[in-house]
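So the chains spell out like this:
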Amino acid sequence: SQKEIQMILTHEVSHIFRKDVSRNWVGILFRDLMFFNPAAHYAWRLYQREAEKATDLHAIEILKKPTEYAATLIKFWKVQRKHPLELLLFDSIYPYPGLSKGTSLLEDRIRISLNYEPKPKKSNVQNNIVLGTIVLFYLSSDINLLAKE
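As the structure is a computational prediction, the values presented were derived from the model and not from experiment.

Quick notes on the rules
- Residues numbered from 1 in each chain as written.
- Predicted model: local features only at pLDDT ≥ 70, side-chain atom pairs only at ≥ 80, totals over all residues.
- Heavy atoms only, no water.
- Helix = DSSP H or I, 4+ residues; strand = E, 2+ residues; numbered from the N terminus.
- Buried < 20%, exposed > 50% of the residue type's maximum accessible area, 1.4 Å probe, protein only.
- Contact = heavy atoms within 4.5 Å.
- Phe/Tyr/Trp six-rings, centres within 6.5 Å; stacked < 30°, edge-to-face > 60°.
- Axes fitted to C-alpha atoms, helices over the stretch in contact; angles between N-to-C directions.
- Parallel < 35°, antiparallel > 145°, perpendicular 65-115°, else oblique.
- Left-handed = near helix turned anticlockwise from the far one by under 90°.
- Patch = residues over 30% accessible without salt bridge, like charges linked within 9 Å, V, L, I, M, F, W, Y side chains within 5 Å.
- Areas by Shrake-Rupley, 256 points an atom, 1.4 Å probe, with all protein chains shown as cover.
- Salt bridge = Lys/Arg side-chain N within 4 Å of Asp/Glu carboxyl O.

*Asks:* Where do I start with the overall build of the chain in this structure?
*Replies:* Helix and strand counts for the chain stand at seven helices and zero strands. Counting from the amino terminus, the chain carries its helices and strands in the arrangement α-α-α-α-α-α-α. By the burial criterion, 25% of the 149 residues in the chain qualify as buried. Here the analysis covers contacts within the chain between residues at least 6 apart in sequence; of these, 60% occur between residues at least 24 apart.

*Asks:* Explain the environment of Asp56 here, please?
*Replies:* Mapping Asp56 onto the fold places it in helix α3 (residues 38-63). Given the relative accessible area of 0%, Asp56 is considered buried. Residues Asp56 and Ala70, spaced 14 residues apart in sequence, show a C-alpha to C-alpha distance of 9.6 Å. Ignoring sequence-local partners within four residues, the contact set of Asp56 consists of His11, Tyr69, Leu73 and Arg109.

*Asks:* How do you make sense of the packing of aromatic side chains when you look at a structure like this?
*Replies:* Applying the stated criterion to the full structure yields two aromatic pairs. Taken together, a centroid distance of 5.5 Å and an interplanar angle of 85 degrees make the contact between Phe35 and Phe36 edge-to-face. For the pair shown, Phe35 and Phe36 are each scored as exposed.

*Asks:* What exactly am I supposed to notice about the side chain of Arg18 here?
*Replies:* Take Arg18: it is sitting in the loop between α1 (2-17) and α2 (20-33). The exposure class assigned to Arg18 is buried, which follows from its relative accessible area of 18%. Excluding residues within four positions of it along the chain, Arg18 makes contact with Arg23, Ala51, Ala54, Thr55 and His58.

*Asks:* Please clarify how unusual backbone geometry should be interpreted in this entry.
*Replies:* One can expect most non-glycine residues to show negative phi and most peptide bonds to be in trans. With phi around 60 degrees, Lys19 is a residue other than glycine that occupies positive phi space. Mapped onto the secondary structure, Lys19 falls in the loop between α1 and α2. In the Ramachandran plot, Lys64 falls in the positive-phi region, its phi being about 60 degrees despite a non-glycine side chain. When you line up the elements, Lys64 lands in the loop between α3 and α4 (66-79). Of the residues examined, Lys64 reaches a relative accessible area of 60% and is grouped as exposed.

*Asks:* Before we go on, may I ask you to explain the packing of α1 against α3 in this structure?
*Replies:* Working note: a packed helix pair is described by the angle between its axes plus the distance between those axes. Contact geometry for α1 and α3: axes closest at 8 Å, N-to-C directions at 120 degrees. It follows from the interaxial angle that α1 and α3 lie oblique. Crossing handedness for the pair α1 and α3: right-handed. Contacts between α1 and α3 involve Gln6, Met7, Thr10, His11, Ser14, His15 and Phe17 from the former and Glu52, Thr55, Asp56, His58, Ala59, Ile62 and Leu63 from the latter.

*Asks:* So what exactly am I meant to see when it comes to a nonpolar patch on the surface here?
*Replies:* A cluster of nonpolar side chains, Val26, Leu29, Phe30, Leu33, Met34, Phe35 and Phe36, forms an exposed patch at the surface whose accessible area comes to about 760 Å². You can see Leu29 is positioned in helix α2.

*Asks:* Any chance you could explain the packing of α1 against α4 here in plain terms?
*Replies:* The geometry of α1 relative to α4 is characterised by a closest axis approach of 10 Å and an angle of 90 degrees between their N-to-C directions. As summarised for this structure, α1 and α4 are arranged roughly perpendicular, according to the angle between their axes. Facing α1, whose interface residues are Lys3, Glu4, Met7, Ile8 and His11, α4 presents Glu68, Tyr69, Thr72 and Lys75.

The values are spatial; any link to function lies outside them.
Here it is in structure tokens:
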């Protein structure tokens, strides 16, 4: 549907906004330089999972529809064809429900979507008080320096 396409595109644009492409290039470079180290590959997979979850949160903040976003993730998973070997080998990379221990990326993403709580907006009054305090502190230090001269 049109709403699902909007949600998917918002997710993809969020990758661009968060600069995930350039971060991925740097991450791939370091992972490939350390190709012999299994920890580098594990760290890369963890980074990819966290980047996807952070991008989901960013997209939800823009869309303000976490339940519909979770439903879109579920629908996207249902329409993908899955081979059992893919499920076993690539569970930590691709967003399929897991056959290995732990939760899959898709389950984590859906859980994040359903448990989403909007961040409270910072009050302009708070910002003005902080800014005013800094200005007053600065001015009082200038006045003290002038009084000493």
